[in-house]
Amino acid sequence: MAASAFHQALGTLQSHGYLSNSGLRHELGDNSLKLFSKGFKVEIGLSRKGCYLSDQRKFGVVQASASQTSVFEPVSSPSKSNASSSQKKSNEVALILIRHGESLWNEKNLFTGCVDVPLTKKGVEEAVEAGKRISNIPVDMIYTSALIRAQMTAMLAMTQHRRKKVPIIIHNESEQARAWSQIFSEDTKKQSIPVIASWQLNERMYGELQGLNKQETADRYGKEQVHEWRRSYDIPPPNGESLEMCAQRAVAYFTDQIEPQLLCGKNVMIAAHGNSLRSIIMYLDKLTSQEVISLELSTGIPMLYIFKEGKFIRRGSPVAPTEAGVYAYTRSLAQYRQKLDETLH
Ligand SMILES: O=C(O)[C@H](O)COP(=O)(O)O
């Protein structure tokens with residue numbers, strides 16, 4: 001099963017033309033794919049233990065592996081885990097996107113962009129509510145922006161997850177940070193979810209609008225001008241990023257770092273921002289630069305995608321933890337939920 005999922009994933013990379021990208025050399029083996037360019041070497045492969053990813057870029061060597069985890073990830077407690085639980089495998093995984101809950105500057109109607117502002121009490125409640133909606137959906141890895149409002153949202157949402165794994169922020173910023181944050185128990189590691197914070201998922205940089213009141217700015221420069229700065233695709237606000245510029249870094253990060261994890265069978269949650277998520281959704285849903293203009297994301301509402309056979313299938317937002325329909329989206333999700341019910345009740 002793992003081998004067929006792996007070869008399917010390689011086929012998808014080939015058919016999407018990723019391997020003919022002229023900036024990258026590649027070597028395609030029977031059970032591995034190596035990609036090289038200057039200062040860049042990534043290998044995705046299949047070993048006896050499952051799928052692995054070796055990434056030798058900015059942070060030295062980062063390695064990840066998965067014994068083809070899936071929405072069927074075993075949900076038994078460590079003492080109850082047994083070999084048979086790993087037999088139920090599926091080649092589909094969940095991708096959850098959440099825009100952070102309301103921040104103190106959302107509340108004041110100020111342009112925020114890359115200013116690092118925390119959540120309001122309402123934002124905290126939204127994050128907890130978002131967590132309830134996704135409490136029955138498997139999460140193996142969490143990506144957040146470098147900004148506290150996205151990180152608070154991810155952590156607060158995970159307090160509601162029924163699987164009760166512990167989200168742990170990975171510190172790769174220096175050799176010392178890596179060494180000082182090591183975990184020395186394999187069991188404890190298994191009960192943890194790595195959280196990777198990256199500036200590439202930050203809100204778009206709003207330039208000289210940061211800190212200005214949105215209504216006052218519209219009164220001063222005109223509603224149309226401010227709408228163009230906020231919602232056009234390729235017109236940046238003064239000295240800031242357009243959505244197109246934001247998409248260049250956010251989508252590149254998604255395809256370079258997050259998609260390989262999905263291909264390896266990891267269920268992923270991303271907590272980020274209105275515009276970094278709009279650009280990722282533009283990529284996932286293949287929206288045109290015209291269509292993305294009318295895409296609006298509310299704070300604290302999780303969106304669910306299923307990644308299957310190299311395709312992203314949008315499932316909308318889980319409505320409530322008790323909403324049976326959400327878990328009937330796929331048999332795998334329904335079974336994952338049933339397992340949680342059996343194990344945790
Ligand atoms: O940065 C901000 O001000 C908001 O988070 C997003 O603002 P927008 O809806 O004006 O893009």
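For the structure, check the block above.
Bear in mind the structure is a predicted one, so any value in this text is a computation, not a measurement.

Chemist: Mind laying out the overall build of the protein chain, listing which residues take part and the relevant values?
Modeler: Tallying secondary structure elements over the protein chain gives 12 helices and 12 strands in all. Sorting the 345 residues of the protein chain into buried and exposed places 48% on the buried side. Taking as baseline every contact in the protein chain between residues at least 6 positions apart, the subset at least 24 positions apart corresponds to 67%. Of the roughly 16,700 Å² that the protein chain leaves accessible, carbon and sulfur atoms contribute 52%.

Chemist: Please set out the pattern of salt bridges residue by residue, giving values where relevant.
Modeler: Under the defined criterion, the tally for this structure stands at 9 salt bridges. Between Glu102 and Lys122 there is a salt bridge whose closest N-O contact spans 3.7 Å. Note that Glu102 is positioned in the loop between β6 (92–99) and α2 (104–107) and Lys122 in helix α3 (residues 121–133), a separation of 20 residues in sequence. Given the relative accessible area of 46%, Lys122 is considered partly exposed.

Chemist: Can you break down the site of the ligand residue by residue, with the values?
Modeler: Near the ligand you find Arg99, Leu110, Phe111, Thr112, Gly113, Glu203, Tyr206, Lys214, Arg230, Arg231 and Asn275, and these make up its full shell. Between the ligand and Lys214 there is a distance of 3.1 Å, counted from an oxygen atom to a side-chain nitrogen or oxygen. Between Asn275 and the ligand, the recorded distance is 2.9 Å, taken from a side-chain N or O atom to an oxygen atom. For the ligand, whose accessible area on its own is 320 Å², the fraction buried by protein is 96%. Grouping the constituent residues of the shell around the ligand by class yields 3 nonpolar, 3 polar and 5 charged.

Thresholds, definitions, all that
Residues numbered from 1 in each chain as written. Predicted model: local features only at pLDDT ≥ 70, side-chain atom pairs only at ≥ 80, totals over all residues. Heavy atoms only, no water. Helix = DSSP H or I, 4+ residues; strand = E, 2+ residues; numbered from the N terminus. Buried < 20%, exposed > 50% of the residue type's maximum accessible area, 1.4 Å probe, protein only. Contact = heavy atoms within 4.5 Å. Areas by Shrake-Rupley, 256 points an atom, 1.4 Å probe, with all protein chains shown as cover. Salt bridge = Lys/Arg side-chain N within 4 Å of Asp/Glu carboxyl O. Near = heavy atom within 4 Å. Polar contact = N/O pair within 3.5 Å; in protein donor to acceptor, adjacent residues only side chain to side chain. Nonpolar A, V, L, I, M, F, W, Y, C, P; charged D, E, K, R; others polar.

Interpretation note: all reported values are geometric properties and have no functional meaning in isolation.
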